[in-house]
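Chain by chain, the residues run as shown.
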Amino acid sequence: MADLSLLQEDLQEDADGSLDFVSQDEMLTPLGRLDKYAASENVFNRQMVARSLLDTLREVCDDERDCIAVLERISRLADDSEPTVRAELMEQVPHIALFCQENRPSIPYAFSKYLLPIVVRYLADQNNQVRKTSQAALLALLEQELIERFDVETKVCPVLIELTAPDSNDDVKTEAVAIMCKMAPMVGKDITERLILPRFCEMCCDCRMFHVRKVCAANFGDICSVVGQQATEEMLLPRFFQLCSDNVWGVRKACAECFMAVSCATCQEIRRTKLSALFINLISDPSRWVRQAAFQSLGPFISTFANPSSSGQYFKEESKSSEDTSVEDKNRIRDQEVPEDVQIRPEDVSSDPSISNSSVKLENMVEDHAETSRKSPGEISVPMDSSLLCTLSSESHQEAASNENDKKPANYKSALRPEGGASSPDSALLDQELYNSFHFWRTPLPEIDLDIELEQGCGNTLSPERPEETSEVTAPGSSNITMATRKELEEMIENLEPHIDDPDVKAQVDVLSAALRASSLDAREEASDAERRSDVQDGLGVNEPPNCKINHDASVPLIRDAVENMESTLCYIHNDSDLSTNSSFSPDEERRSKVQDVVPQALLDQYLSMTDPSRAQTVDTEIAKHCAYSLPGVALTLGRQNWHCLRETYETLASDMQWKVRRTLAFSIHELAVILGDQLTAADLVPIFNGFLKDLDEVRIGVLKHLHDFLKLLHIDKRREYLYQLQEFLVTDNSRNWRFRAELAEQLILLLELYSPRDVYDYLRPIALNLCADKVSSVRWISYKLVSEMVKKLHMATPPTFGVDLINELVENFGRCPKWSGRQAFVFVCQTVIEDDCLPMEQFAVHLMPHLLTLANDRVPNVRVLLAKTLRQTLLEKEYFLTSASCHQEAVEQTIMALQMDRDSDVKYFASTHPASTKVSDDAMSTASSTY
């Protein structure tokens, strides 16, 4: 007991001492307390001074001299020998700077004079923690625009340039380069180009520190985006090429990661000729980590080749007007035309029944040109593409020649008469453009619309050489393109040869070598075919096909053979689907079927190889997921006309064993549908979409979140097929996955606009009522909104019988439910109907309000509480019940008076509370949550 008494006395003395200490501090001025603790030998006290600087400034902000005195003490505190004090001070600097900015009239130039020098000085502090806090403070100040432009140029940038000098500390130099790169987007193009860019280029070539080069490579894209295209191509690209071939794999990996940003800052020509070959080197790098980063950036890099002028999306094919046709495609078609004035007598052509249809088709094909080039009432001038003549068989040529020779020049003009100067280098080039072996041997694309093909006029070929070509596809088979392709392939092979020991690289070299041989073969075939065509034309007395006039006897076999070739082509096209499923093609033919001219073919080939199982072993186990993630961007870049290049890859990804890959596709299938249009969506995406509907919940949730976005793109008949499958979303792998059902309710609200009232009543109504009785309150609350919107749609339909039936079902299943939670749900639905004006108040008073008022005698207080809230805070706010003295208003007032005399205090309170005193939605949600 004596010890306890002594202890109590000691505690009392300590308390008295502490009280004296506090009273002494209260007697000091803010500056006095600041000086007292700043001079303390206790480190903790000095830290507390740094933390309380902002509060001190606020206390003395009315006196300018006291503010300046506080800032001067901050400068002295910055010289503290303890790193923790300096770090604590630097954490407070952004807050103090913001205070100085807000009170600038009373303390002008305070930040520039007192605080900024401390921040800049700490960038070179010996302590790592102090440097890190100063870097964070500098970036925060720049982001909030608290540093003047003049101070950035004169105080910040010179220090950073000095810290990146060759004799600077290694760690400080690396951190300074990182700060320069991060501040470039904040200070703008002018300062970056004048002050930061020269030193950045020097740091990219730092031979001693690979850490510096790695930081430069990691931030290369940010610098390029700031300085723009000209500076990027002139100053930065040479450095980027050096970094991409750095002997440290970490630097090359950083280059691969920022490749897309660099590509966005260059022109299309450099992107295609230089960056694509450079990227192939990275994708074939000996280091697995570099290849992994390169494959992750491959899809984004391909997306930079997208042509903004041709990326405009229209979904419905029939909604594409004539103005939507690509001007670029029209120009290319026009450049490939060799117009010939072929004179055909219309009465002679139509006299032969066997060629009447063909003459009509050709007449429709060239109607516009015939209108403008008609020379006489009895003659029609038809511009015929020379490729049409090239596709005719030798027999038709001989027959035409013989018929021509039998006719007298006195009676008819020469059928095939050459013009002077017909043989020229330009004509030889055009002849080569009109035919190439790739299009002859290529597997035709199925379901080609003949009308669309004929509408293109003489730009497209009607023979089996190019049956798949439509208005959106131009022939990439010119000799110039072939030469460029061969040169590009040779450069790629040369770049890959140093790494030939890698099996993966060797396989790519083999593929590129085969492509080079194939392109050489194409060139030889084009040359031989050009010679063969010239021989045939010489036999006919033709050097070049412009301005040829065909009389009656010569025109008939010419047109007949053209039509026969068209019919055989269409027969071959329509049977192509069976051929593609039942026949196997050689690897060269499969490769040629995936050729396009939007992006370098080597890049697309590498992208398509990401689904190869060997890639998962040699590059990255999640490479297929990266492929799936970037596929919509690649599809948008290539355009729907090149979807055949990606179709097989998409189907492979959709059947991948990893659910993460399928989940990625499920989340983006609606975006891909917009890119492809309604026809390709129905043919290729709908089957995959159906498969996702039966997949794991992790995959189904991706489809469900965008169910409305996808279904609205389908035709109404195809859309109705999914009404039968919506019920399946109520079944999940895990019954506790209530968010799945909540998302279903959200989507059903959106789907109401896509279906007729009968479909809504027959198929969506049972699901909505099921969700209203869910075990989880969050699901139920969304379902109340769904049911109210359903009531609104069905009531507005003609006749409104479906709406009345739904209301009666609500009354029967919920208003008279034996469970109190069902009756409470009925009140919630009524409340939502009133709030969202889903029913006119007259109709509400007739159909729902009588059943609602009967719940005033419910034996469960929770139901009566919610009823009191609904009546007082929702129903009585409506104009109908405020102005009309009807029997409905009298019934509501009597019910409220009865609730005000309820035995439950909560019911009394909400029945008596004024409507404006409580938020309805908050109370409703709290009540709903309480019934979980």
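Just so we're clear, the structure is a prediction, and the values are computed from it rather than from any experiment.

Procedures and definitions
Residues numbered from 1 in each chain as written. Predicted model: local features only at pLDDT ≥ 70, side-chain atom pairs only at ≥ 80, totals over all residues. Heavy atoms only, no water. Helix = DSSP H or I, 4+ residues; strand = E, 2+ residues; numbered from the N terminus. Buried < 20%, exposed > 50% of the residue type's maximum accessible area, 1.4 Å probe, protein only. Contact = heavy atoms within 4.5 Å. Phe/Tyr/Trp six-rings, centres within 6.5 Å; stacked < 30°, edge-to-face > 60°. Lys NZ or Arg CZ within 6 Å of the ring centre and 35° of its normal. UniProt positions renumbered as here; feature names shortened; annotations may be inferred. Salt bridge = Lys/Arg side-chain N within 4 Å of Asp/Glu carboxyl O. Expected span 1.5 Å × (residues − 1). Bend = angle between axes of the 7 residues up to and from the residue. pLDDT = per-residue confidence, 0-100. Polar contact = N/O pair within 3.5 Å; in protein donor to acceptor, adjacent residues only side chain to side chain. Patch = residues over 30% accessible without salt bridge, like charges linked within 9 Å, V, L, I, M, F, W, Y side chains within 5 Å. Areas by Shrake-Rupley, 256 points an atom, 1.4 Å probe, with all protein chains shown as cover. Lys, Arg positive; Asp, Glu negative; His and termini not counted. Charge placed at Lys NZ, Arg CZ, Asp CG, Glu CD. Axes fitted to C-alpha atoms, helices over the stretch in contact; angles between N-to-C directions. Parallel < 35°, antiparallel > 145°, perpendicular 65-115°, else oblique. Left-handed = near helix turned anticlockwise from the far one by under 90°. Nonpolar A, V, L, I, M, F, W, Y, C, P; charged D, E, K, R; others polar.

> Which residues make up the overall build of the protein, and what values do they have?
Along the backbone of the protein there are 53 helices and two strands. Looking at the protein residue by residue over its 932 residues, the buried ones come to 50%.

> How would you explain helix H39 (residues 697-705) if you had to name every residue and give the values?
Of all nine residues that make up H39, seven are buried, and the element is covered over most of its length. When we look at burial in H39, the residues that qualify are Asp697, Val699, Arg700, Ile701, Gly702, Val703 and Leu704. Structurally, H39 contributes buried residues whose contacts are with helix H37 (659-676), helix H38 (678-693), helix H40 (707-711) and helix H42 (738-751).

> Just give me the short version of the packing of aromatic side chains, but keep the residues and values in it.
With the rule as written, the count across this model stands at 17 aromatic pairs. Between Phe259 and Phe301, the ring centres sit 4.9 Å apart and the planes meet at 80 degrees, which makes this aromatic pair edge-to-face. Note that Phe259 is positioned in helix H16 (residues 259-264) and Phe301 in helix H18 (residues 288-303), a separation of 42 residues in sequence. Each member of the pair, Phe259 as well as Phe301, is classed as buried. An angle of 10 degrees between the planes, with centres 4.1 Å apart, marks the rings of Phe689 and Phe710 as stacked. With a gap of 21 residues between them, Phe689 in helix H38 and Phe710 in helix H40 connect regions that are remote in the sequence. Neither residue differs from the other here; Phe689 and Phe710 are each classed as buried. Within the aromatic cluster, the residues linked to one another by ring pairs are Phe200, Phe220, Phe240, Phe259, Phe279, Phe301 and Phe305. Just above the ring of Tyr761 sits the side chain of Arg765; from NZ or CZ to the centre is 4.2 Å. The ring of Phe910 has Lys869 sitting right over it, with the charged end atom 4.5 Å from the ring centre.

> Could you give an account of the UniProt feature "repeat: HEAT" (unreviewed entry) in the protein, naming the residues involved and the relevant values?
UniProt records the feature "repeat: HEAT" (unreviewed entry) at residues 115-153 and 156-195, using the numbering of this structure. Along residues 115-153 one finds 74% helix and 0% strand; the C-alpha atoms at either end are 16 Å apart. Counting secondary structure, residues 156-195 comes out at 82% helix and 0% strand; the distance between its end C-alpha atoms is 11 Å.

> Describe the pattern of salt bridges, and please don't skip the residues or the numbers.
For side chains of opposite charge, pairing can occur when their charged atoms come near one another. Going through the model one piece at a time under the given rule, you end up with 33 salt bridges. Between Asp206 and Lys173 there is a salt bridge, with its nearest N and O atoms 3.5 Å apart. Residue Asp206 is located in the loop between helix H11 (189-204) and helix H12 (210-218), and its partner Lys173 is located in helix H10 (residues 170-187); the two are separated by 33 residues in the primary sequence. For the salt bridge of Asp774 with Arg741, the shortest nitrogen-to-oxygen distance reads 2.5 Å.

> Just give me the short version of H37, but keep the residues and values in it.
Over its 18 residues, H37 extends 24 Å from the first C-alpha to the last, a length consistent with the 26 Å expected when each residue adds 1.5 Å. Of all the bends in H37, the greatest measures close to 50 degrees and is centred on Ser668. Buried within H37 we find Val661, Arg662, Thr664, Leu665, Ala666, Ser668, Ile669, His670, Leu672, Ala673, Ile675 and Leu676. Those residues of H37 that are buried are in contact with helix H35 (623-638), helix H36 (647-654), H38, H39 and H40. Phi turns positive one or two residues past the end of H37, at Gly677, with a value near 90 degrees.

> Before we move on, could you go through the side chain of Thr56 and cite the residues and values that matter?
Relative to the helices and strands, Thr56 is located in helix H4 (residues 53-59). Setting aside residues no more than four positions away along its own chain, Thr56 makes contact with Pro30, Leu34 and Val70.

> I'd like a rundown of the side chain of His670, residues and numbers included.
Summarising the element assignment, His670 is placed in helix H37. Using a relative accessible area of 8% as the deciding quantity, one classes His670 as buried. Apart from the residues within four sequence positions on either side, His670 is in contact with His706, Asp709, Phe710 and Leu713.

> Requested: an account of the confidence of the model for the protein, with residues and values cited.
Taken residue by residue, the protein gives an average pLDDT of 74. The fraction at 70 or more is 65%. Taken together, the stretch residues 915-921 has pLDDT below 50 and engages in ten contacts with residues farther than four places along the chain or on a different chain. Taken together, the stretch residues 923-932 has pLDDT below 50 and engages in 24 contacts with residues farther than four places along the chain or on a different chain.

> Let's hear about the environment of Thr164: which residues, and what values?
Residue placement: Thr164 occurs in the loop between helix H9 (149-163) and H10. On the basis of relative accessibility, which here comes to 0%, the residue Thr164 falls in the buried class. Residues Thr164 and Glu202, spaced 38 residues apart in sequence, show a C-alpha to C-alpha distance of 9.6 Å. If we skip the residues at most four places from it in the chain, Thr164 touches Lys173, Ala176, Val177, Met180, Arg199 and Met203. Of the polar contacts made by the side chain of Thr164, one reaches the backbone oxygen of Ile161; its length is 2.9 Å.

> Please give an account of a negative patch on the surface that cites residues and values.
Side chains of Glu490, Glu491, Glu494 and Glu497 sit close together on the surface and give a patch of like negative charge. Within the secondary structure, Glu490 sits in helix H28 (residues 479-496).

> How would you explain the packing of helix H43 (residues 757-772) against helix H45 (residues 801-815) if you had to name every residue and give the values?
Put simply, H43 and H45 touch, their axes get as near as 11 Å, and they point 20 degrees apart. By the angle between their directions, the pair H43 and H45 is classed as roughly parallel. The crossing of H43 and H45 is right-handed. Only Phe802, Asp805, Leu806, Glu809, Leu810, Asn813 and Phe814 of H45 make contact with H43, whose side of the interface consists of Pro757, Arg758, Tyr761, Arg765, Leu769 and Cys772. In terms of residue class, the contact of H43 with H45 is made up of eight nonpolar, one polar and four charged.

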